[in-house]
Amino acid sequence: MIVLGIETSCDETAAAVVDGDGRVLSHAVLSQIAEHVPYGGIVPEIAARAHLAHLDRLITKAMDEAKVSYADLAGVAATAGPGLIGGVIVGLMTAKAIAAVHDIPLMAVNHLEGHALTARFTDNVEFPYLLLLVSGGHCQLLAVEGVGRYRRLGTTVDDAAGEAFDKVAKMLGLGYPGGPAIERAASSGDKTRFAFPRPLKGKPGCDFSFSGLKTAVRLAAEALPEGAFTEKDVADLAASFQTALVDSIADRVARATDIFRKAYPNGKSLVVAGGVAANTALRDVLMKTATKAGLSLAVPPQALCTDNAVMIAWAGIERLKLGLTDALDFKARPRWPLDPDAPKATGAGVKA
Ligand code: KG4
Ligand code: ZN
């Protein structure tokens, strides 16, 4: 069962060919980061145009490298949301055209389900499992019961974790994307120099909040003598921020493991997915959290944690195996929660 996957929901244009056993036959990725760097973040209009300009070529490259023809494909999968809608439409329309011309099934994939199911083929994780999804746009804890079956245990009431990394990096002049830049700066910093708050730590529930922490970093930076802002100051701020954020996440995850273990006694794994899962400090702390809860930790390799088309192809394969294919009039969705029954989060700047 060979499937072509297409990802265009953010600033990565990607196409991949994957088979039913999870073997990656090819993966062609084009990062648009350089085009967005001058603006300090992703510009949706630029992203959509770049997807349009490069997607055809990337698909041809992926098909060539995999040495397959369209006749070999069992289906085509594309991210159909959530994401920057211009880009999502480019990828989904392309997949629809391929499905129509070659008369193969279309799988309209939820980008978050792509992240959520990655550990199934990288680490053979079995349902049910506890998932921490930490990316630039999302920060959620979910019980994954099966394909298309998610129960949200917690979500952010303001910023996503990656967003907090990106905003703090911008504040410290570290550029975009912020996560890797903060991690690099933090490696030589003193994490005890600034006593930043651990948002929601010790509070009931599994929700996240990062805006107060972000403000605390800004106030601490502003309190330093003007004109004498050293590289060491930046490293110490980055290290103290990263430690506080990771500590806050670990507390929320520990609470979620309690709920998960009670609700799913046969569940064995904690899975971390999304771009922020690349963070080593977070991985290290979550390893301890998982062990303490009697769960094993699965974190896909970095290239499959950040946005990619392999995860979309794989989610398509999982869906195709269950006969879950989609009609060609499937509409692109800017918002698409994995658990539609989850109550709306309440807090300062709510994002569901
Ligand atoms: O999953 P992803 O590639 O795109 C979204 O769907 O959002 O995640 C991108 C996010 C960015 O906010 C980036 O700063 C963050 O992941 N990120 C990291 C690291 N690498 C990427 N955050 C912390 N530490 C990292 N090493
Ligand atoms: Zn993503």
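Just above sits the structure.
So, here is what we can say about the structure in this document.

**Examining the packing of helix H7 (residues 211-223) against helix H8 (residues 231-263)**
- Interhelical geometry of H7 versus H8 gives an angle of 160 degrees and a closest axis separation of 11 Å. By the angle between their axes, H7 is roughly antiparallel relative to H8. For the pair H7 and H8, the sense of crossing is right-handed. Residues Leu213, Val217, Ala220 and Ala221 of H7 lie in contact with H8, whose contacting residues are Leu237, Phe241, Ala244 and Leu245.
- Among the residues forming the contact of H7 with H8, the class breakdown is eight nonpolar, no polar and no charged.

**Regarding the packing of aromatic side chains**
- One pass over the structure, following the stated rule, counts seven aromatic pairs.
- Geometrically, the ring pair formed by Phe127 and Tyr129 is stacked, given 5.8 Å between the ring centres and 5 degrees between the ring planes.
- Note on Phe330 and Trp336: the rings are 5.7 Å apart at their centroids and 40 degrees apart in plane angle, and the pair reads as tilted.
- Given a relative accessible area of 17%, Trp336 falls into the buried group.
- The ring of Trp336 carries Arg333 above its face, with NZ or CZ at 4.4 Å from the centroid.

**Considerations on the nonpolar core**
- In this structure, Phe196, Phe241 and Ile249 are the most contacted members of the largest nonpolar core, which totals 53 residues.
- Those elements giving two or more residues to this core turn out to be strand E6 (129-134), strand E7 (139-146), helix H5 (161-171), helix H6 (178-186), H7, H8, strand E9 (269-273) and helix H9 (280-292).
- When residues in this core are grouped by element, the largest group, 12 residues, is from H8.
- Setting aside residues up to four positions removed in sequence, Phe196 forms contacts with Leu213, Ala216, Val217, Ala220, Leu237, Ser240, Phe241 and Ala244.

**With respect to the coordination of the zinc ion (ligand 2)**
- Here the zinc ion (ligand 2) is held by the protein donor atoms His111 (NE2), His115 (NE2) and Asp307 (OD), which lie 2.1 to 2.2 Å from it.
- Note that the zinc ion (ligand 2) binds four donor atoms; their angles at the metal cover 92 to 151 degrees, and the shape is irregular.
- When the donors of the zinc ion (ligand 2) are listed by position in the chain, the intervening gaps give H-x3-H-x191-D. With a gap of 196 residues between them, His111 in helix H4 (residues 111-122) and Asp307 in the loop between helix H10 (302-305) and helix H11 (310-321) connect regions that are remote in the sequence.

Reading the values: rules and limits
- Residues numbered from 1 in each chain as written.
- Chains lettered and ligands numbered in written order.
- Predicted model: local features only at pLDDT ≥ 70, side-chain atom pairs only at ≥ 80, totals over all residues.
- Heavy atoms only, no water.
- Axes fitted to C-alpha atoms, helices over the stretch in contact; angles between N-to-C directions.
- Helix = DSSP H or I, 4+ residues; strand = E, 2+ residues; numbered from the N terminus.
- Parallel < 35°, antiparallel > 145°, perpendicular 65-115°, else oblique.
- Left-handed = near helix turned anticlockwise from the far one by under 90°.
- Contact = heavy atoms within 4.5 Å.
- Nonpolar A, V, L, I, M, F, W, Y, C, P; charged D, E, K, R; others polar.
- Phe/Tyr/Trp six-rings, centres within 6.5 Å; stacked < 30°, edge-to-face > 60°.
- Buried < 20%, exposed > 50% of the residue type's maximum accessible area, 1.4 Å probe, protein only.
- Lys NZ or Arg CZ within 6 Å of the ring centre and 35° of its normal.
- Core = buried A, V, L, I, M, F, W, Y, C linked by side-chain atoms within 4.5 Å.
- Donors = N, O, S within 2.8 Å, 3.2 Å for Na, K, Ca; no water.
- Tetrahedral: all angles 85-135°; square planar, octahedral: opposite > 155°, others 65-115°.

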